[in-house]
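Close look at the chain arrangement
So you can see what is in the structure, the chains are spelled out below.
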Amino acid sequence: MRTICRLIKRSEGKEDSDGKNSDFIALCHDLDDFLNKAAGGEENRAEYIPYNQLDDIHDVIVAYENDVPVGSAGLKRYDSECAEVKCVFVREEYRGKGISKILMELLENSAREKGYRFLILESGEPLVAAMSLYRKIGYTVIPNYGQYKDMPDSICMKKEL
């Protein structure tokens, strides 16, 4: 088996480069299902749903194994110097292969190319593997930003690129 991560850019012309990419959308639905299970149901994460829309996501990365989409990540502009990491997810049966780390490396490279100096993200302690990865690759906990300021279960992180 072979895993390929591909940054989907507008310049390729063949595929959507943003939150409209069909493989990315399918993976985001899988992510929602995963988060609903982790939170004990959609009603327990209802306050987060409005902030996880795909409309503003750009520079989508999809990881494929033998042409099957297995993981994804994307960027959302936060301000002129900072982008927000969104929708980092690897399907359960493909975890433990380093795919999420590759996705994050590609995402960080894309952010640098676009001139961003920082990446921020929101996660939570129940997402043990994600929190471990983010810490290992240099993200540090910051005060909750934006819409997450009053959400005590949120943990926000930042990395200088």
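For the structure given in this document, a descriptive report is provided here. Model, not experiment: these values are computed from the prediction.

Some words on the overall build of the protein
When its secondary structure is counted, the protein shows three helices and seven strands. Seen in sequence order, the protein has helices and strands lined up from the N terminus as β-α-β-β-β-α-β-α-β-β. Taking the contacts inside the protein whose residues are at least 6 apart along the sequence as the reference set, 62% of them involve residues at least 24 apart. Only carbon and sulfur atoms are counted for the fraction: they give 48% of the accessible area of the protein, which is about 8,800 Å².

Section: the pairing of strand E4 (residues 82–90)
Counted residue by residue, E4 has nine buried out of nine residues, so it is predominantly covered. The loop that links strand E3 (residues 68–79) with its antiparallel partner E4 comprises two residues. Where E4 lies against strand E5 (residues 118–123), three bridges are found, and the strand directions are parallel. What sits directly across from Cys 82, in E5, is Phe 118. A crossover links E4 with its parallel partner E5, the connecting element being helix H2 (residues 99–113), and its sense is right-handed.

Looking at the packing of aromatic side chains
Taken as a whole and assessed by the stated rule, the structure comprises four aromatic pairs. Ring centres 5.4 Å apart and planes at 75° place the aromatic pair Tyr 78 and Tyr 145 in the edge-to-face group. With Tyr 78 in strand E3 and Tyr 145 in the loop between strand E6 (140–142) and strand E7 (155–160), the pair connects residues that are 67 residues apart, well separated along the chain. Exposure remark for Tyr 78: the relative accessible area of 36% places this residue in the partly exposed category. Arranged with centres 5.5 Å apart and planes meeting at 85°, the rings of Tyr 145 and Tyr 148 form a pair that is edge-to-face. Residue Tyr 145 is classed as buried on the basis of its relative accessible area of 7%. Taking the relative accessible area as the measure of exposure, Tyr 148 reaches 0% and is therefore buried. Three or more aromatic residues joined by ring pairs form one cluster here, namely Tyr 78, Tyr 145 and Tyr 148. A cation sits over an aromatic face here: Arg 95 above Phe 34, 4.7 Å from the ring centre.

Brief notes about the pairing of E3
Bridging between strand E2 (residues 57–65) and E3 involves seven bridges; their strand directions are antiparallel. When the bridges of E3 are listed, Glu 65 appears paired with Val 68. The turn joining E2 and E3, which pair antiparallel and follow one another in sequence, is formed by two residues; a positive phi near 50° is taken by Asn 66. Sheet topology note: the E3/E4 ladder contains seven bridges and is antiparallel. Residue pairing in the sheet places Gly 74 in a bridge with Lys 86 of E4.

The rules behind the values
Residues numbered from 1 in each chain as written. Predicted model: local features only at pLDDT ≥ 70, side-chain atom pairs only at ≥ 80, totals over all residues. Heavy atoms only, no water. Helix = DSSP H or I, 4+ residues; strand = E, 2+ residues; numbered from the N terminus. Contact = heavy atoms within 4.5 Å. Areas by Shrake-Rupley, 256 points an atom, 1.4 Å probe, with all protein chains shown as cover. Buried < 20%, exposed > 50% of the residue type's maximum accessible area, 1.4 Å probe, protein only. Pairing = 2+ DSSP bridges. Right-handed = clockwise from strand over helix to strand, strands pointing away. Phe/Tyr/Trp six-rings, centres within 6.5 Å; stacked < 30°, edge-to-face > 60°. Lys NZ or Arg CZ within 6 Å of the ring centre and 35° of its normal.

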